[in-house]
Amino acid sequence: MTVWWLAWRSALARRRLFVWNVAVPALLLTPVASSDAAAPHRVAVFGVFIVFFATFGAALPAVRDAREGWLDTVFRTGVRRPAWLVQTTLAEAAIDLVQLAPVTAVLALLADGASPASVPILIAALAVTLLFANVLGVVLAATVRSLAEAALASAAVSLLLLHFAGFFRPPVSGWTRALAALDPYSPLRVALARLEGLPGGGGLPPWAVVAALGLGGLAALTAGRWTRRFEWPATR
Amino acid sequence: MTPRPASGDPLLRARGLGFAYPDGTIALRDVALEIRRGEVVGLLGANGSGKSTLLRLLAGAARAHEGSIGRPGAPRPADRALAGDRPVFREWLTGLDNATALLRLRGRSAALARAEAAVWLERFDLAPVAGRRTGTYSRGMETRLALAVAFAARSPAILLDEPLAALDPGGRERLTVALAEARGEGRGIVLSTHDPAFAATRCDRVGFLRAGRLVAMDTPAVLIARIGGRTRIEVELEDGAEAARGALVAALASSPGVRGVRSLGVGLMLEVDEAETALPPALERLFRAGARVRSVRLRPPDLGEAYFALTGARLEPGAPA
């Protein structure tokens, strides 16, 4: 659990950054949550922000750590890359969850259709989303050559997945519904829609949740292989 | 109780090692060497000659493209500690936290890692700054922290990439003590350096790298003996004698025991087989030729000369590393 400990120690050692990571989501999303904007628009903004927050937050530090040689230093201690990946993503997702907790509370308080039952669902969906976004961020970091590329790739892939999840346009046809059911960000859309009292917030079929978790697990396993690219010298 | 490994047992063994960077640059070719327990091996070579790459391959931090590395005495990654020439730490954590984290990653318990980190930070004179963030450390402090972590790891094999590069005299002395102790405990240490004098006095064996090839590997004494063992005599002349330098060179060239003469700065340099027999007649010829000698200095052959002689390295720009 040393990687987990190190991630938390690092997060707490950078107090200023930690405060910013709590304050910025609250400052950006609270006005949206309290605005007269249409509920589907609010759901889209919340979804984009949360996914970007976690994906960028995983990808950019991973690129930096790989380029500076920190990951090389860590791997040389004998830590296995899959173990590093699992512990890092779990820790970073947990840190993200803590940092987003205040704004999540605000969203729940200000949402139109919030009910006591919708809050635990939102938290669970948020956890799944943050976990997948952190894995995705590391995978993207392993495939690019610079911070700029990491940012672009994070934005592009995240937006695509958010689109497939139905954040920007409700999935209506058969194949878009199937794609949405497999998308790891669909639980977040459903949870946010439910929070806002939208009709699309009825829920996902049980198999879709299993499929999303399976895809997330597959992504994590694949990421273990991708992280070989963090080794010295850079083969990217 | 596990028997303590004997000094001299092989730790790392490289055969036909080759490595090329992704852009095709060949960093190492056909390198063979063996590192044993209880010895310090030095690597000398110009910038870009392959020292760092070889250390990384030995540490298992990169994969060789050719050849093989056997690690009979250090099979697990944690059995090899590498202190790179550009140590990387979490700059927002303290030196103690960084060292503790790296020891914990090697499997130490939290309490043991912190205790050992504190001891080794003290040994490398970092105790006063142990609570400071490493982002505020100087290059020398970072090097000492990297060395502290490498020695604290207690790995059978310790690989140090240019540890002297940023060390002050105190740091060198602490490194010397740590090296002697690690050698005494039966660890095998490989270090790269640009300081032949350090290598000659602290290393049991020294290897010369040139353009990715290990061109020589032996004890410092044997390497020096291999270049012929000629002593150099540096004769510093008064300013007025410079004009007659050519005549003096001619006069000394035929002096008994003198193997070579050339101008050097404000004087002359003689190469002789034995200084005791060659120096008196040479000085006599100089005085007779009217030279005014300011000083005479004997320089027995050293490892630096052996390096230049055996690698064929030149100081001209563009010469291969």
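First, a word on what this report is: a plain description of the structure on this page.

Conventions we followed
Residues numbered from 1 in each chain as written. Chains lettered and ligands numbered in written order. Predicted model: local features only at pLDDT ≥ 70, side-chain atom pairs only at ≥ 80, totals over all residues. Helix = DSSP H or I, 4+ residues; strand = E, 2+ residues; numbered from the N terminus. Buried ≥ 20, exposed ≤ 12 C-beta atoms within 10 Å, placed from the backbone. Contact = placed C-beta atoms within 7 Å. Pairing = 2+ DSSP bridges. Axes fitted to C-alpha atoms, helices over the stretch in contact; angles between N-to-C directions. Expected span 1.5 Å × (residues − 1). Arc of directions from axis to C-beta.

1. Topic: the overall build of chain A
Helices and strands together make up the secondary structure of chain A, namely 10 helices and zero strands. Listing each helix as α and each strand as β along chain A from the N terminus yields α-α-α-α-α-α-α-α-α-α. Counting all 236 residues of chain A, 41% fall into the buried class. Taking as baseline every contact in chain A between residues at least 6 positions apart, the subset at least 24 positions apart corresponds to 78%.

2. Things to note about the sheet that holds strand β4 (residues 66-70) of chain B
Residues and elements named next belong to chain B. Strand order across the open sheet formed by three strands is β2-β1-β4, with antiparallel pairing between neighbours. Only two strands of the sheet have a single neighbouring strand rather than two, namely β2 (26-36) and β4. Between one strand axis and the next, the sheet turns through 10° on average, direction left out of account. Strand direction decides the pairing type here: strand β1 (residues 10-20) and β2, joined by seven bridges, are antiparallel. Note that in β2 the partner of P10 across the bridge is R36. Set on the sheet, helix α1 (residues 51-59) makes contact with β1, β2 and β4; between it and β1 the angle comes to about 125°.

3. Here we look at helix α7 (residues 147-165) of chain A
Residue and element names in this part refer to chain A. With 19 residues, α7 ought to run about 27 Å at 1.5 Å a step, and its terminal C-alpha atoms sit 26 Å apart, in line with that. The complete set of buried residues in α7 reads A150, S154, S158, L161, L162, F164 and A165. Buried residues in α7, looked at end-on, bunch into an arc of 155°, giving them a common side. Structural note: α7 exposes A148, A156 and L160 on the side pointing more than 90 degrees away from its buried face. Turning to α7, the residues buried within the fold contact α3 (39-68), α6 (118-143), α8 (174-182) and α9 (186-195). G166, located one to two residues past α7, shows a positive phi value of around 95°.

4. Examining the sheet that holds strand β13 (residues 293-299) of chain B
Residues and elements named next belong to chain B. Reading across from one edge, β11-β12-β10-β13 is the order of the four strands in this open sheet, with antiparallel pairing throughout. Across the chains shown, the open sheet's two edge strands, defined by having one partner strand only, are β11 (258-264) and β13. Each strand axis lies, on average, 20° off the axis of its neighbour in the sheet, ignoring direction. Here β11 pairs with strand β12 (residues 267-272) via six bridges, running antiparallel. In the strand pairing of β12, G260 is matched with E271. Of the strands in this sheet, β11 and β12 are in contact with helix α8 (residues 245-253), which crosses β11 at around 170°. Contacting β10 (231-237), β11, β12 and β13, helix α9 (residues 275-288) crosses the sheet at an angle of about 25° to β10.

What is shown is where atoms sit, not what they do.
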